[in-house]
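Residue strings, one per chain:
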Amino acid sequence: MFHSAIRTLVKKPLAAHPISGVARSTRSDVPPASSLAIFRRVHSTKRGGKRKLRSTPQNKTRRSTPGAHQPPPLVEEKVVPPLMASSTASPHAWVATCALEESLQDGTVDSTLPLFADVAGRDGATKTPPSFDRKQVFFTYVSPAAFGYETPDPSTGLREVAFLGRSNVGKSSLINSLMQIHGGERKVGAQVSNTPGRTQTINYYAIVSKDKLKGNHAKKKFDPIRDSLGYLVDLPGYGHASAPNDLVGGWQDKTMEFLQGRGTGSDGGEEEEAEESIEDEVPLRRTYLLFDARTGLLNLDRAVMGWFDEARLPYTVVLTKADKVSIPKLVKIVNEICMRYHSQIYGQGNGYQSPLVHVTSARKGIGLEELMWSIETVLME
């Protein structure tokens, strides 16, 4: 009886499944042929010690979710900012395109001679500015006692350029590299440390003329005013520093007071002629703002640039540690800085940012000569 039932079941004709089209038994208690095939695949497939169901058209249909066949959402295209920076004869110096075009139109810049063309020599090596030839000048630290623990008297007519940046931006390393390649003394250089905020005082470094020195031209026996051609000023950094908060706030206030006192330091109600006369008399001619190329412009850096604009203090942007950043990222940062200059000139009124952007690396010696050519223009002309 039992065996005859089995024979009847096996010989019973199979009907097609209404959806899949796979033949199956008319009895509901018998699994369809497709299920038997799936059962075999389950027992023949092993991954990671576990039995896994292979993907089949029937499985995909059963596992599909509502909206799975809808087209993917449209992806918005990224807007690429316009290129506002132009390259020069040196790969380590850039200029805002709008400033370059204006200079070409009014004849300030020779169209046949690109900017910084004098930096590169015939052999490919960079050339030193004539005023900073180490055969004629050298750099040395000036003790505060030489000035009576005060800033130098502005009536001497000696010009100054200052360096300012975030703590641990590489400011002291850059100043040391600038001085050492032009005959500076290592033992009197700027203090370098991996600890942020080691520069806590305003330090002066004199550009000493060997022709003005008397006697044996001893580097330690010179008058900081009589024998100097100008000064490099190392200012305490802003931002994070490994020092007590009261001390950090104290030296940053002192830095702002120094900049306002040595720079224009005038309010916004004066006429342009008065501004020009004041600019000719102030000793601090320009501040070089140092930004870390690895991080780009931070909100604090933008705030400092805005403060310089409000105080009407001329400044030039210098990117440090450029050897640790890819060229596309450098170009992006430089373009952002030049776009800011463009917006100041044509959109938000006159600013005090220079159209030049220097790209440097103290460790690799990148862009140092180009920066010295800019410093020479500020101090000697």
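Residues numbered from 1 in each chain as written. Predicted model: local features only at pLDDT ≥ 70, side-chain atom pairs only at ≥ 80, totals over all residues. Heavy atoms only, no water.

A. Just the overall build of the protein, in detail. A tally of helices and strands in the protein yields 10 helices and 13 strands. Across the 381 residues of the protein, 39% fall into the buried class. Pairs at least 24 residues apart make up 71% of the contacts formed inside the protein by residues separated by at least 6 positions. In the form shown here, the protein has an accessible surface area of approximately 22500 Å², with 53% of it arising from carbon and sulfur atoms. (Helix = DSSP H or I, 4+ residues; strand = E, 2+ residues; numbered from the N terminus. Buried < 20%, exposed > 50% of the residue type's maximum accessible area, 1.4 Å probe, protein only. Contact = heavy atoms within 4.5 Å. Areas by Shrake-Rupley, 256 points an atom, 1.4 Å probe, with all protein chains shown as cover.)

B. Region of interest: the environment of Glu 376. Considering the arrangement of structural elements, one finds Glu 376 in helix H10 (residues 368–380). According to the relative accessible area criterion, Glu 376 is buried, its value standing at 9%. Remark: the alpha-carbon pair of Glu 376 and Gly 230, spanning 146 residues in sequence, is separated by 9.9 Å. Dropping the residues within four chain positions of it, Glu 376 is found in contact with Pro 129, Pro 130, Ser 131, Phe 132 and Glu 381.

C. Representation of the pattern of salt bridges within the structure. Under the defined criterion, the tally for this structure stands at nine salt bridges. Put simply, Asp 292 and Lys 321 hold a salt bridge, and the shortest N to O gap is 4.0 Å. Of this pair, Asp 292 sits in strand E11 (residues 284–292) while Lys 321 is found in the loop between strand E12 (315–320) and helix H9 (327–346), placing the two residues 29 residues apart along the sequence. A residue is classified by how much of its surface remains accessible, and Asp 292, at 4% relative accessible area, is buried. Among the ionic pairs, Arg 363 bridges to Asp 323, the shortest N-O distance being 2.6 Å. In this pair, Arg 363 is assigned in the loop between strand E13 (353–359) and H10 and Asp 323 in the loop between E12 and H9, connecting sequence segments 40 residues apart. For Arg 363, a relative accessible area of 60% corresponds to the exposed category. Residue class for Asp 323 comes out partly exposed when judged on its relative accessible area of 24%. Residues joined in a network through salt bridges with shared partners are Asp 292, Arg 294 and Lys 321. (Salt bridge = Lys/Arg side-chain N within 4 Å of Asp/Glu carboxyl O.)

D. Region of interest: the state of the cysteines. Tallied over the entire structure, the rule returns zero disulfides. As a non-bridged cysteine, Cys 98 has Cys 338 as the owner of its nearest cysteine sulfur, 8.0 Å distant. The exposure class assigned to Cys 98 is buried, which follows from its relative accessible area of 8%. You can call Cys 338 buried: its relative accessible area is 1%. (Disulfide = S-S within 2.5 Å.)

E. How the structure looks around helix H5 (residues 171–180). Burial analysis of H5 places eight of its 10 residues in the buried class, which makes it a mostly covered element. Of the positions making up H5, those classed as buried are Lys 171, Ser 172, Leu 174, Ile 175, Asn 176, Ser 177, Leu 178 and Met 179.

The quantities given are spatial measurements derived from coordinates; they are silent on function.
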